[in-house]
Amino acid sequence: MSDVHPIPREFIGSGPLSGTVKVPGDKSISHRSLMFSALAVGHSQVSGLLEGEDVLSTAAALRAMGARIERGDDGIWHIDGVGVGSLLQPTTPLDMGNSGTSARLLMGLVASHAIDTIFIGDDSLSKRPMGRVSVPLSQIGAQFSGTNGDYLPMTVKGVIGAAPIQYRLPIASAQVKSAMMLAALNISGVSEIIEPIATRDHSERMLRGFGADLKVEQDEDGTRHIFVRGEAELKPQNIDVPGDPSSAAFPVVAALITPGSEVRVTNVGMNPTRTGIYKMLIEMGADLTFVNEREVGGEPVADIIAKYSSLSGIDVPPEIAPSMIDEFPIFFVAASMAKGRTMTSGLDELRVKESDRLALMAAGLAAIGARVKEVEDGLIIDGSDGEALAGGAMINSALDHRIAMSFAVAGQNCLNPVAVDDISPIATSFPTFEKMMEELANG
Ligand SMILES: O=C(O)C1=C[C@@H](OP(=O)(O)O)[C@@H](O)[C@H](O)C1
Ligand SMILES: C=C(OP(=O)(O)O)C(=O)O
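Since the structure is predicted, the reported quantities are computational estimates derived from the model, not experimental observations. (Residues numbered from 1 in each chain as written. Chains lettered and ligands numbered in written order. Predicted model: local features only at pLDDT ≥ 70, side-chain atom pairs only at ≥ 80, totals over all residues.)

A word on helix α3 (residues 100-111)
Helical geometry note: an α-helix holds 3.6 residues per turn, so side chains three or four residues apart project in the same direction.
Argument step 1. Over its 12 residues, α3 runs 16 Å from end to end, which matches the ideal 16 Å to within 8%, given 1.5 Å per residue.
Argument step 2. Extensive coverage of α3 is indicated by the burial of 12 of its 12 residues.
Argument step 3. Restricting attention to buried positions, one finds in α3 the residues Gly100, Thr101, Ser102, Ala103, Arg104, Leu105, Leu106, Met107, Gly108, Leu109, Val110 and Ala111. (Helix = DSSP H or I, 4+ residues; strand = E, 2+ residues; numbered from the N terminus. Expected span 1.5 Å × (residues − 1). Buried ≥ 20, exposed ≤ 12 C-beta atoms within 10 Å, placed from the backbone.)

Shown next as structure tokens:
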């Protein structure tokens, strides 16, 4: 696991970045393609799957519950599903590693199956709240027993024959929504999951593609009602996973802050529930062009061309947060080099990601010379107006891949190297990150 052997690394810019790169497959879609394929009856194929540690944790857990999941030499993944309701009792604890998505979605899945499971994870995941799924899933009769109530290790005793779910999400979370939808798949009748603030909708799109009976209705105020008919019979699919817009944000911001750069990132998912970062960067004055727009596997996709830009600070409206929730660390780096002030708020969720991303980004940015103030629900950043920051500090990344990658990118525009204490967690979501940055540096 990534916390066993820390790998420190120093990052410093060596001139303009240029070239065309591809980022790995979307993490959210990769997890879901394995889960839904494992629940279908028959053989599914997935190309472009993110082969990061998080997704491999999902694959291992699904294998332990009876699905056959194998990677062909051509990189295509083959999954033989067991069918909804037919997961097998695993014989060992399910190790979720660093992955919140694996833990929370799979808890939803096992909650409505007649199996007992134990969920474990690394030091970072063991500090993240699971009550957001275990509390509503307890209402269907599943039993959860976690460390100090809320944390891994956690045992789950699934239940069958539950009444349909009716649940209104108290927080904007695609993980909680998807956990409830996965549980609903094996509950007789129609469950309703109510989402007052829209979050990424990959589960809805993909489940429809797998043949589930799923309807979404939207109120005038934007509240979404997701109706899922249970005892679903999912049909196997061939899935093409688009590139991850969250991963693409790293080379894009690297190009924006490194003088003279022009970078093209191909095949990036452009689902509107994921593209808040690009909207905000454009508002800051980023020179971004979206070309080759098309559809891949039911998701909009484009190539992004990013050129070095003079950025200006903005006020980020809190309602955009769910569509860029994982991109704030790298967004803060862009803001720290922009002209003027950037204000963010409504970001309490960032405190319960792989690390407390508000605290760690504030500390790290201050250490490399940025002007940053941490408030309860956001950061206020006064940018350097394009000037290189001092750098020359060691960053605590606390097992958080996005903190590590954000400071690797920040090093592009610093006078002295930025040292990241441990880059090993980058392999959870972006195993080719270092190689990609080298390619861009070599033009
Ligand atoms: O559903 C998903 O695939 C994800 C949802 C988000 O988490 P929350 O639901 O906790 O916001 C996000 O941060 C995570 O990286 C992936
Ligand atoms: C929050 C993230 O992932 P997870 O919740 O799956 O660990 C992330 O990738 O930034």
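Overview of the UniProt feature "binding site: phosphoenolpyruvate" (unreviewed entry) in the chain
Argument step 1. The feature "binding site: phosphoenolpyruvate" (unreviewed entry), as annotated in UniProt, sits at Lys27, Gly100, Arg128, Gln175, Arg357 and Arg402 in this numbering.
Argument step 2. A count of 25 C-beta atoms within 10 Å places Arg357 in the buried class.
Argument step 3. Structurally, Arg402 is set in helix α11 (residues 401-410).
Argument step 4. With near-sequence residues (within four places) excluded, Arg402 lies in contact with Asp326 and Pro329. (UniProt positions renumbered as here; feature names shortened; annotations may be inferred. Contact = placed C-beta atoms within 7 Å.)

Description of the site of ligand 2
Argument step 1. In the vicinity of ligand 2, the contacting residues are Asp54, Ser99, Gly100, Thr101, Asp326, Lys353, Glu354, Arg402 and Ser429.
Argument step 2. Its residues placed into classes, the shell around ligand 2 shows no nonpolar, 4 polar and 5 charged.
Argument step 3. Counting contributing residues, the shell around ligand 2 receives three or more from each of domain 1 (9-25 + 242-441) and domain 2 (27-240). (Near = placed C-beta within 6 Å. Nonpolar A, V, L, I, M, F, W, Y, C, P; charged D, E, K, R; others polar. Domains from an automatic or database assignment.)

Concerning the nonpolar core
Argument step 1. In this structure, Val253, Leu256 and Ala334 are the most contacted members of the largest nonpolar core, which totals 74 residues.
Argument step 2. The leading source of residues in this core is helix α7 (residues 245-257), at 9 residues.
Argument step 3. Here Val253 is in contact with Ile330, Val333, Ala334 and Val409, once residues within four sequence places are set aside.
Argument step 4. Counting residues in hydrophobic clusters, the runner-up holds 67 residues, among them Ala38, Met65, Leu105 and Ala142. (Core = buried A, V, L, I, M, F, W, Y, C linked by C-beta atoms within 7 Å.)

Concerning the sheet that holds strand β5 (residues 77-82)
Whether parallel or antiparallel, the strands of a sheet pair through hydrogen bonds between backbone atoms.
Argument step 1. Taking strand neighbours across the sheet as the criterion, the 4 strands line up as β4-β5-β3-β14 in an open arrangement whose pairing is mixed. Two strands close off the open sheet at either side, each with one partner strand: β4 (68-71) and β14 (238-240). Here the strands of the sheet are splayed against their neighbours by 15° on average, with no regard to which way each runs.
Argument step 2. The sheet contact formed by β4 and β5 spans 4 bridges and is antiparallel. Looking at the pairing, Ile69 lines up with Ile79 of β5.
Argument step 3. Against the sheet, helix α1 (residues 27-39) touches β3 (41-47), β4, β5 and β14, its axis set at about 45° to β5. (Pairing = 2+ DSSP bridges. Axes fitted to C-alpha atoms, helices over the stretch in contact; angles between N-to-C directions.)

Observations concerning the sheet that holds strand β18 (residues 341-343)
Argument step 1. Overall, antiparallel pairing links the 3 strands, which are arranged β18-β20-β19 in an open sheet. The open sheet has two edge strands, β18 and β19 (371-375), and neither has a second partner. Looking at each pair of strands side by side, their axes are set apart by 15° on average, direction ignored.
Argument step 2. Sheet analysis places β18 next to strand β20 (residues 378-382), joined by 3 bridges and oriented antiparallel. Counted as the bridge partner of Arg341 is Asp382 from β20.
Argument step 3. Each of β18, β19 and β20 touches helix α9 (residues 328-336); the most contacted strand, β20, lies at about 25° to it.

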